[in-house]
Amino acid sequence: MTLSISPDDIRKQSIRKESQSPVSEADMQQAVRTLLLGMGEDPDREGLRDTPKRVVKALKFLTSGYHQSLDELLNGAVFHENTSEMVLVRDIDLFSSCEHHILPILGRAHVAYIPNGKVIGLSKIARICEMYARRLQVQERLTAQIADAIQGLLKPQGVAVVVEATHMCMVMRGVQKQGSWTVTSSMQGVFADDAKTRQEFMNLIRHNPSFH
């Protein structure tokens, strides 16, 4: 499944001003205290006294992608280069959070594109993945956002993204199925239109999913 998101939407949504939030850090900490009480815990006991503060700090870090923009992240690292060979960065570690349960999504992304006069710094590909991963996500949307970002920035001949991930909401609760992996893909341009190019990409990333 691939979701369609325009490059303009990506740029508009890629940064969310903290000043727009109507909730203070103190309000967030109080909400964590309420959750602890609802669990039957005593938020004033020694081990939990600073937990609300720690939880809020952790959540802000894990969702810091809301406060990043592609322009800031790239910092000019787009270069003119006369090459038309596939560029592939595979096995990019991903740590995200499921928007339905706010439980971890752990996995890897494989990102490829075929240049059309411009290339991007390789480390920026990993940072684009990280920016979108550090938001509340569903894997299908995360995959599409990464692909659409590369497409919007470089206008390449094609982009391919595959994300392989395990979802703690399936492992720790619900069906409790350990070892299950979800694979999503977004193919654009020549990767969608040319079976040979698509197969080359799939051959290059083929391996048994694992996460350590």
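By the naming in an unreviewed UniProt entry, the chain is GTP cyclohydrolase 1, taken from Planktothrix agardhii. UniProt's Pathway (unreviewed entry) comment on the chain is quoted here verbatim: "Cofactor biosynthesis; 7,8-dihydroneopterin triphosphate biosynthesis; 7,8-dihydroneopterin triphosphate from GTP: step 1/1."

### Digging into the pattern of salt bridges
Opposite charge on two side chains lets them pair, provided their charged atoms get close. Counting across every chain of the model gives seven salt bridges. For K60, the salt bridge identified is with E25, shortest N-O distance 3.0 Å. With K60 in helix α3 (residues 51-62) and E25 in helix α2 (residues 25-38), this pair connects stretches of sequence that are 35 residues apart. What makes K60 partly exposed here is its relative accessible area of 37%. Overall, the relative accessible area of 39% leaves E25 in the partly exposed class. Between D93 and R108 there is a salt bridge, with its nearest N and O atoms 3.3 Å apart. You can see D93 sitting in strand β2 (residues 87-98) and its partner R108 sitting in strand β3 (residues 104-114), a full 15 residues away along the chain. With relative accessibility at 15%, the residue R108 sits in the buried group.

### Here's the deal with the nonpolar core
Core analysis: the biggest nonpolar cluster contains 32 residues, and V111, Y113, I120, I125, I128, Y132 and I150 have the highest contact counts within it. At the level of secondary structure, the elements contributing two or more residues to this core comprise α4 (70-74), β2, β3, β4 (118-120), α5 (122-133), α6 (139-154) and β6 (158-167). Element by element, the count of residues in this core is highest for α6, at seven residues.

### Some thoughts on unusual backbone geometry
Here N75, not a glycine, exhibits a phi torsion of approximately 50 degrees, which is positive. Position of N75 relative to the elements: it lies in the loop between α4 and β1 (78-80). On the basis of relative accessible area, N75 is assigned to the exposed category, the value being 66%. The phi angle at I102 is positive, at roughly 55 degrees, despite the residue not being glycine. Note on placement: I102 falls in the loop between β2 and β3.

### Overview of the packing of aromatic side chains
What the rule picks out here adds up to one aromatic pair. When the ring of F191 is compared with that of F201, the centres are 5.8 Å apart and the planes differ by 75 degrees; the resulting orientation is edge-to-face. A residue pair is termed long-range when its members are at least 10 positions apart, and F191 in helix α8 (residues 190-193) and F201 in helix α9 (residues 195-205) qualify at ten residues.

### Some words on the environment of H167
Relative to the assigned elements, H167 resides in strand β6. Overall, the relative accessible area of 12% leaves H167 in the buried class. In the structure, H167 is positioned 71 residues away from S96 in sequence and 9.4 Å away in space, judged by C-alpha atoms. Non-local contacts of H167, meaning those with residues more than four positions away in its chain, are made with P104, I105, Q139 and T182.

Quick notes on the rules
- Residues numbered from 1 in each chain as written.
- Predicted model: local features only at pLDDT ≥ 70, side-chain atom pairs only at ≥ 80, totals over all residues.
- Heavy atoms only, no water.
- UniProt positions renumbered as here; feature names shortened; annotations may be inferred.
- Salt bridge = Lys/Arg side-chain N within 4 Å of Asp/Glu carboxyl O.
- Helix = DSSP H or I, 4+ residues; strand = E, 2+ residues; numbered from the N terminus.
- Buried < 20%, exposed > 50% of the residue type's maximum accessible area, 1.4 Å probe, protein only.
- Core = buried A, V, L, I, M, F, W, Y, C linked by side-chain atoms within 4.5 Å.
- Phe/Tyr/Trp six-rings, centres within 6.5 Å; stacked < 30°, edge-to-face > 60°.
- Contact = heavy atoms within 4.5 Å.

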